[in-house]
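# Close look at the chain arrangement
For reference, the chains in residue letters:
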Amino acid sequence: MTELMAEYNTMELMICTAARELEDGACVGVGTGAPCAAAMLAQKAHSPNLVILFEAGGAAPLIPEMPISVGDSRTTWKAVMASGMCEIMESACRGMLDYTFLGGAQIDMYGNLNSTRIGPDHQKPKVRFPGSGGANDFASFCWRMMVMTPQDPKRFTEKCSYITTPGWLQGGDSRAKSGLPLGAGPYKIITNMAVMDFEPESKRMRLIAINPGYAEKDVQDNCGFELLKAKKIVENKPPTKQELHFLRDEIDPYRYVIGR
Amino acid sequence: MEVLAQGIGAIFTDPDADKARAFFRKKSRALKPKVMSVKEAVEKFVHDGDYLCIGGFGANRIPAAVCHEILRQGRKKMGFAGHTSTHDFQILCAGEVFDKLDVAYIVGLEARGLSPNARKYMESGKVNVSEWTNYSLSVRFKAAAAGVSFYPSRNIMGTDTFHYSGARIIACPFTGVKYAAMPAIYPDVAAIHVHEADIYGNCRIRGITVSDLDVARAAKHLIITCERLIQNEEIRRDPSFTSIPYWCVDAVCEVPYGSYPGNMYGEYFSDEEHIKEWLKVEENPEEFKKFLEKNIYSCKDHFEYIEKNGGMHKLLKLREKEFMFSKARD
C-alpha cells in the first residue's frame, strides 16, 4: 500500500477513475475542478472525440488549462461554439448529454444531493450554500449522473437536510413517477475510498470497487447509511504512468486540483 | 389547467403576459441616442423596490460599474435574480440592496470559494428566498422574452428545489407527461455588459451569451454598458453580429474594462488577486467596511476603482493573461 500511495494521491486516482467512464464520442456536462480535469484527461488518454459542454455556453472546447469558472474564456478556447445556457440545457433535456459529474455537502443512499442549506428554516438557514446552479438541471437530464466526492459519515448521510438535486429520489420507481425524464439517473459515485453504483430494483447505493489501501470496513465506517454490496467487489485500478503524466504535466501543472 | 403540485416559494414578479404587452406597447421604438453616464442610467432606471437582473455569468462579462453605482446610490428593497451570480452577488450583498431573491446560484464564487459576507446576509433572515435552478431561471426569462406567462421544463420535480420554488406541476395536454411550469420573469430593469454597442443600443457580444439575449428582451428597462461605442454604420454593414436590437435598450454607457474585476472574453481575464482580496477582507467586518469605502463608496466612477487597484498596468497584465493563457490563478 505505502509504495502505491507514494506514487499517486487519492484525488489523482478519483480523476483517473472518472475519466475511464467517459468513452470516445460521448458527451459530458462538467463544472470546474475535478470533473473538468477528468474530462480533459479522458480527451487526452482515450477519448479524443469526447464532447465537453459547460452550462454557461462553452461547447466542445480544447481546454488549454483548468478554468476557474464554468463561464470563463478557457471554456470556449478553440471550441466549436460559444452558446448560452438554454442551448446546453436544452441539448441535455433532448437526450444528447450522456454524462455529468456533480458534488454536494450531503449525499444519501439514493444519490440525492444537497448543495443548498443545513438547518430546518429555509428563510434563515444555519448554513447557506450556493444552491442548485445547474446541478439539478444536469442531474434531471443527463443519462448518467456521477458524483466525485470525498467520503465521510457526515457527507454520506441517512437523510439530506434538503434535496437540491435529484438522485433516485426515494428509490424504487419514485423517480420515474416524479415526472423527470425516464431512464436518466445516478450511475456511479466515485470517492477517495471506493466506487459505488446503484442496485437496479431498490436504487440503493451499492459498493462495487475499493481503492487500493482501503478495506470494505473503511468504506462502510465512512458512510452514514448501510451500503449494499455487489456479489463481487473488485479492487480499483491505480492510475497508469501515462494518465499521471497527462494529469501532472499537461492538465494541471500548477496542481490546483490534484495538489489538494 | 389542473395544477398537480405547487411549490411554496414566492413569485416576486407578475407573469401576466397581457400586462407585459401593455407595458411594451408604450415602450419607445425611437432611434435616438441613449448615451449617458452609469450614474445617470442608474438614477433614471433603477429604483428602490424594482426587480433587478444582472447579465453575464458571475465574474464573466458583468456590468460591474452598474453594480457599484447601485450601491453608491443606496438602492434598497429590490428583488434580484440570483442567476449564476457570484461576484455581482457579492457586491449587491455588500450594499444589502435586495430583500427578495430568486436563487439559482448564490453566495459562492465557483472554484474560488464562498463569500463570507454574502453567506452572512443570506443566513440573517432578512431575505425572502425562492429557490430555482440555472435552467429554471433561464426559461423564466425565455418565457418573458417570448411574451408568454410560463414555460414547461422537465427539471426540479421530486426535489426540495421544487418545494421551495414557485413552480407548479401540470400535465402535457398532448402526452399526459408531467412538466414543471416556470412563471415568466419580466424584470423591471436589467443591466448587461457587452463588447460593442452603437449610440442607439444595438449590441454585439462575443463569447458565451448565458441567458442575456432573453434577459435583454424580457426586461422592461435595459442598461447596456459596453467596452466601446461603434458607429451605427458598422452595425448596419453586417447586421448578422447584432444580438440585442436598439428598441430593447434604454441607456448606453461606454465603460471600457467594465467587467473588471471579472473576465471579458477576448479582452481581459479576471483579476483573481483582487477577487481573492474581496473574499479575504469580508472575514473582518471592520476591514470590509473600509475596503468598500475605498473601492466603491469613495469612488466617482469605475475608472477611479480601477486606478486604485493597479490601473492600466494591471489591465495590461489581465489582457496578456486573456491572450497568452498564462497561469490563470496567479
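Given the structure is predicted, the values throughout are model-derived calculations rather than measurements.

So, about the overall build of chain A. Per the secondary structure count, chain A includes 8 helices and 14 strands. With the principal axes as the frame, chain A shows a C-alpha extent of 45 × 45 × 35 Å. With 260 residues in all, chain A has 58% of them scored as buried. Looking at chain A alone, contacts between residues at least 24 apart form 65% of all its contacts between residues at least 6 apart.

Glancing now at the overall build of chain B. Helix and strand counts for chain B stand at 13 helices and 12 strands. Against the compact-globule benchmark of 20 Å for 330 residues, chain B has a radius of gyration of 20 Å, which places it among compact chains. Seen through its C-alpha atoms, chain B measures out along the principal axes to roughly 60 × 50 × 35 Å. If you take every contact in chain B between residues at least 6 apart in sequence, the share linking residues at least 24 apart comes to 78%.

It is worth spelling out the environment of B:V215 at this point. Residue and element names in this part refer to chain B. Along the polypeptide, V215 turns up in helix 8 (residues 212-218). C-beta crowding within 10 Å serves as the criterion here: with 30 such atoms nearby, V215 is assigned to the buried category. Taking the C-alpha atoms as reference, V215 lies 9.1 Å from A191; in sequence the two are 24 residues apart. Leave out the neighbours within four places in its chain, and V215 touches C53, G55, F141, A190 and I192.

We now examine the sheet that holds strand 1 (residues 5-6) of chain B. Residues and elements named next belong to chain B. Sheet architecture is open: 4 strands sit in the order 1-7-8-6, paired in antiparallel fashion. Each edge of the open sheet carries a strand with a single partner, namely strand 1 and strand 6 (150-153). Sheet topology note: the strand 1/strand 7 (residues 168-171) ladder contains 2 bridges and is antiparallel. Among the inter-strand pairings, Q6 is bridged to a residue of strand 7, identified as R168.

Every contact between the two is made by 53 residues of chain A and, on the other side, 55 residues of chain B. Contributing elements (two or more residues each) for the side of chain A that touches chain B: helix 4 (85-94), helix 5 (135-141) and helix 6 (174-178) of chain A. Here the side of chain A that touches chain B is composed, by residue class, of 22 nonpolar, 23 polar and 8 charged.

Attention now goes to the packing of helix 3 (residues 34-45) of chain A against helix 8 (residues 241-251) of chain A. All names here are of chain A. Where helix 3 contacts helix 8, the axes come no closer than 10 Å and their chain directions differ by 120 degrees. With respect to helix 8, the axis of helix 3 lies oblique. With respect to the hand of their crossing, helix 3 and helix 8 are arranged in right-handed fashion. Seen from helix 3, the contacting residues are A37, M40, L41, K44 and A45; seen from helix 8, they are Q242, E243, F246, L247, E250 and I251. Classifying every residue of the contact of helix 3 with helix 8 by side-chain character gives 7 nonpolar, 1 polar and 3 charged.

Nonpolar side chains tend toward joint burial in soluble globular proteins. Among the nonpolar cores identified, the biggest contains 182 residues, and A:I15, A:A37, A:A38, A:A39, A:L41, B:I223 and B:I224 are the most heavily contacted of them. When residues of this core are assigned to their parent elements, the largest contribution, 8 residues, is made by helix 3 of chain A.

This next bit is on helix 8 of chain A. Residue and element names in this part refer to chain A. Residues E243, F246, L247 and I251 constitute the buried set of helix 8. Buried residues of helix 8 fall within an arc of 90 degrees about the axis and therefore sit on the same side. Facing away from the buried side of helix 8 by over 90 degrees, the exposed positions are K241, Q242 and D249. The inward-facing, buried residues of helix 8 abut helix 2 (10-20) and helix 3.

By the element assignment, A:E250 lies in helix 8. In this structure the C-alpha to C-alpha distance between A:E250 and A:K44, which are 206 residues apart in sequence, comes to 9.4 Å.

All names here are of chain A. Of the two faces of strand 1 (residues 27-30), the one carrying C27 and G29 and the one carrying V28 and V30 are both buried. Crossover handedness for the path strand 1 to helix 3 to strand 2 (residues 51-54): right-handed. Relative to strand 5 (residues 99-102), strand 1 runs parallel, the two being bridged by 2 bridges. Looking at the pairing, V28 lines up with Y99 of strand 5.

Let us look at the confidence of the model for chain A. Scored by pLDDT, chain A comes out at a mean of 95, with 97% of its residues at no less than 70. The low-confidence segment residues 1-6 of chain A, where pLDDT is below 50, has 6 contacts with residues more than four positions distant or belonging to other chains.

We now examine the environment of A:P67. All names here are of chain A. Mapping P67 onto the fold places it in the loop between strand 3 (58-59) and strand 4 (81-82). For P67, a count of 27 C-beta atoms within 10 Å puts it in the buried group. Among all residues touching P67, those that are not within four sequence positions of it are T32, C36, D72, R74 and T75.

The linkage connecting B:Y260 with the following residue, B:P261, adopts the cis geometry, with an omega of 5 degrees. When you line up the elements, B:P261 lands in the loop between strand 12 (251-254) and helix 10 (272-281). In the Ramachandran plot, A:A60 falls in the positive-phi region, its phi being about 55 degrees despite a non-glycine side chain. Among the secondary structure elements, A:A60 is positioned in the loop between strand 3 and strand 4. Judged by local crowding, A:A60 falls into the partly exposed class, with 16 C-beta atoms found within 10 Å. Residues other than glycine seldom take positive phi values, yet A:K78 does so here, at roughly 50 degrees. If you trace the backbone, A:K78 turns up in the loop between strand 3 and strand 4. Residue classification places A:K78 among the exposed positions, given that 9 C-beta atoms sit within 10 Å.

With their axes 10 Å apart at the nearest point, helix 4 of chain A and helix 6 (residues 134-145) of chain B run at an angle of 115 degrees to one another. Compared by their axis directions, helix 4 of chain A and helix 6 of chain B come out roughly perpendicular. Considering how the two elements wind past one another, helix 4 of chain A and helix 6 of chain B form a crossing that is left-handed. Facing helix 4 of chain A, whose interface residues are A:M85, A:C86 and A:M89, helix 6 of chain B presents B:N134, B:Y135, B:S138 and B:K142. Residue composition of the contact of helix 4 of chain A with helix 6 of chain B, by class: 4 nonpolar, 2 polar and 1 charged.

Cut-offs and rules
Residues numbered from 1 in each chain as written. Chains lettered and ligands numbered in written order. Predicted model: local features only at pLDDT ≥ 70, side-chain atom pairs only at ≥ 80, totals over all residues. Helix = DSSP H or I, 4+ residues; strand = E, 2+ residues; numbered from the N terminus. Buried ≥ 20, exposed ≤ 12 C-beta atoms within 10 Å, placed from the backbone. Contact = placed C-beta atoms within 7 Å. Rg over C-alpha atoms; globule rule 2.2 N^0.38 Å. Pairing = 2+ DSSP bridges. Nonpolar A, V, L, I, M, F, W, Y, C, P; charged D, E, K, R; others polar. Axes fitted to C-alpha atoms, helices over the stretch in contact; angles between N-to-C directions. Parallel < 35°, antiparallel > 145°, perpendicular 65-115°, else oblique. Left-handed = near helix turned anticlockwise from the far one by under 90°. Core = buried A, V, L, I, M, F, W, Y, C linked by C-beta atoms within 7 Å. Arc of directions from axis to C-beta. Right-handed = clockwise from strand over helix to strand, strands pointing away. pLDDT = per-residue confidence, 0-100.

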